[in-house]
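Read off the chains here:
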Amino acid sequence: MSRRLILELAIDLVDQEGLRKLTMRRLGSACGVEAMALYRYVHSREDLLSGMVDLLVDDLHADQLAARRQEDGWQDFLVRLAHGVRQIALDHPELFPLAATRPPEAPWVRPPLRSLRWMETFLETMLSYGFDDEAAVAAYRSYTTFLLGQLLLEVAARTSQETVATESVASPVRELSDYPNLHRLQTLLSQDHSAAEFEDALEALLDRLERQVDVQ
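Residues numbered from 1 in each chain as written. Predicted model: local features only at pLDDT ≥ 70, side-chain atom pairs only at ≥ 80, totals over all residues. Heavy atoms only, no water.

Remarks on the overall build of the protein chain
Turning to step 1, where the next piece is worked out: What the protein chain contains, in helices and strands, is eight helices and zero strands.
Turning to step 2, where the next piece is worked out: The N-to-C order of helical and strand elements in the protein chain reads α-α-α-α-α-α-α-α.
Turning to step 3, where the next piece is worked out: Based on the C-alpha atoms only, the size of the protein chain along its principal axes is roughly 60 × 55 × 30 Å.
Turning to step 4, where the next piece is worked out: Split into buried and exposed, the 216 residues of the protein chain put 38% on the buried side.
Turning to step 5, where the next piece is worked out: Pairs at least 24 residues apart make up 70% of the contacts formed inside the protein chain by residues separated by at least 6 positions.
Turning to step 6, where the next piece is worked out: Summing over all exposed atoms, the protein chain offers an accessible surface of approximately 12700 Å²; the carbon and sulfur share of this is 53%.
Turning to step 7, where the next piece is worked out: With 22 positive and 35 negative side-chain charges, the protein chain shows a spacing of 6 Å between the two charge centroids. (Helix = DSSP H or I, 4+ residues; strand = E, 2+ residues; numbered from the N terminus. Buried < 20%, exposed > 50% of the residue type's maximum accessible area, 1.4 Å probe, protein only. Contact = heavy atoms within 4.5 Å. Areas by Shrake-Rupley, 256 points an atom, 1.4 Å probe, with all protein chains shown as cover. Lys, Arg positive; Asp, Glu negative; His and termini not counted. Charge placed at Lys NZ, Arg CZ, Asp CG, Glu CD.)

Looking at the side chain of Gln64
Turning to step 1, where the next piece is worked out: Its location among the elements puts Gln64 in helix α3 (residues 45-67).
Turning to step 2, where the next piece is worked out: Judged by relative accessible area, Gln64 falls into the buried class, the value being 9%.
Turning to step 3, where the next piece is worked out: In this structure the side chain of Gln64 is engaged in a polar contact, spanning 2.9 Å, whose partner is the side chain of Arg80.
Turning to step 4, where the next piece is worked out: The residues contacting Gln64, other than those within four sequence positions of it, are Phe77, Arg80, Leu81, Gly84 and Trp118. (Polar contact = N/O pair within 3.5 Å; in protein donor to acceptor, adjacent residues only side chain to side chain.)

Looking at the nonpolar core
Turning to step 1, where the next piece is worked out: Grouped together as the largest cluster of nonpolar side chains are 59 residues, with contacts concentrated most on Leu22, Met52, Phe122 and Tyr143.
Turning to step 2, where the next piece is worked out: Listing elements by their share of this core, those giving two or more residues are α1 (3-17), α2 (24-31), α3, α4 (74-91), α5 (116-128), α6 (133-167) and α8 (194-214).
Turning to step 3, where the next piece is worked out: If we skip the residues at most four places from it in the chain, Met52 touches Leu7, Ala10, Ile11, Val14, Leu22 and Leu95. (Core = buried A, V, L, I, M, F, W, Y, C linked by side-chain atoms within 4.5 Å.)

Considerations on the pattern of salt bridges
Turning to step 1, where the next piece is worked out: The full count for this structure, using the stated rule, is eleven salt bridges.
Turning to step 2, where the next piece is worked out: With a shortest N-O distance of 2.9 Å, Arg4 and Asp59 are connected by a salt bridge. Pair noted here: Arg4 is in helix α1 and Asp59 is in helix α3, with a separation of 55 residues, a long-range link.
Turning to step 3, where the next piece is worked out: Here Asp59 falls in the partly exposed class, since its relative accessible area comes to 29%.
Turning to step 4, where the next piece is worked out: With a shortest N-O distance of 3.3 Å, Glu154 and Arg158 are connected by a salt bridge. Of this pair, Glu154 and Arg158 are both found in helix α6, four residues apart, which corresponds to roughly one turn of the helix.
Turning to step 5, where the next piece is worked out: The class for Glu154 is buried, based on a relative accessible area of 5%.
Turning to step 6, where the next piece is worked out: Judged by its relative accessible area of 32%, Arg158 falls in the partly exposed class.
Turning to step 7, where the next piece is worked out: Each member of the salt-bridge network shares a partner with another, and the members are Arg86, Glu154, Arg158 and Asp192. (Salt bridge = Lys/Arg side-chain N within 4 Å of Asp/Glu carboxyl O.)

This is the structure in structure tokens:
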């Protein structure tokens, strides 16, 4: 038994059954112990929720740091990191929104890169490629805003589509006759272009950051 094992099992439970069904009793059963035995490793439900998110983000840090090569450039670093964070969001759609709501390690640490270690790594990387202090901080703010906004929208849309698909058999589709534009454009609005939108927004952000560096 270890804190990491408990957090990993909790993540699996949430992925399989949903966040609302995660209880200390249910988690204890999955771990093969009484619920009270878990409190030696996780002090509360809040600690459990924060720990799950931190584990996902910390593992991403290890993966990205191992793959980083100075000769690849800052654009490659940001692209790989963006795809890594997106994969977390897609693999763990019920946990990813917690990245925006769990308290960070400091008030100026922004989700989803929600740790001092991640913030230090990000800033050190940008500075090593010639960004000055102001440009590096601006890049961190722009990049985290892009990731969080884009991926929260994507996760919410996917979750909503899955819910509609599950409930549509039992519930009639809402009448849209009072909303003529919605009725006419419903097919277009229902199309999922999230992957392409993510890539387009990421490319636009990289172009903007490159222009900022050029004028330093």
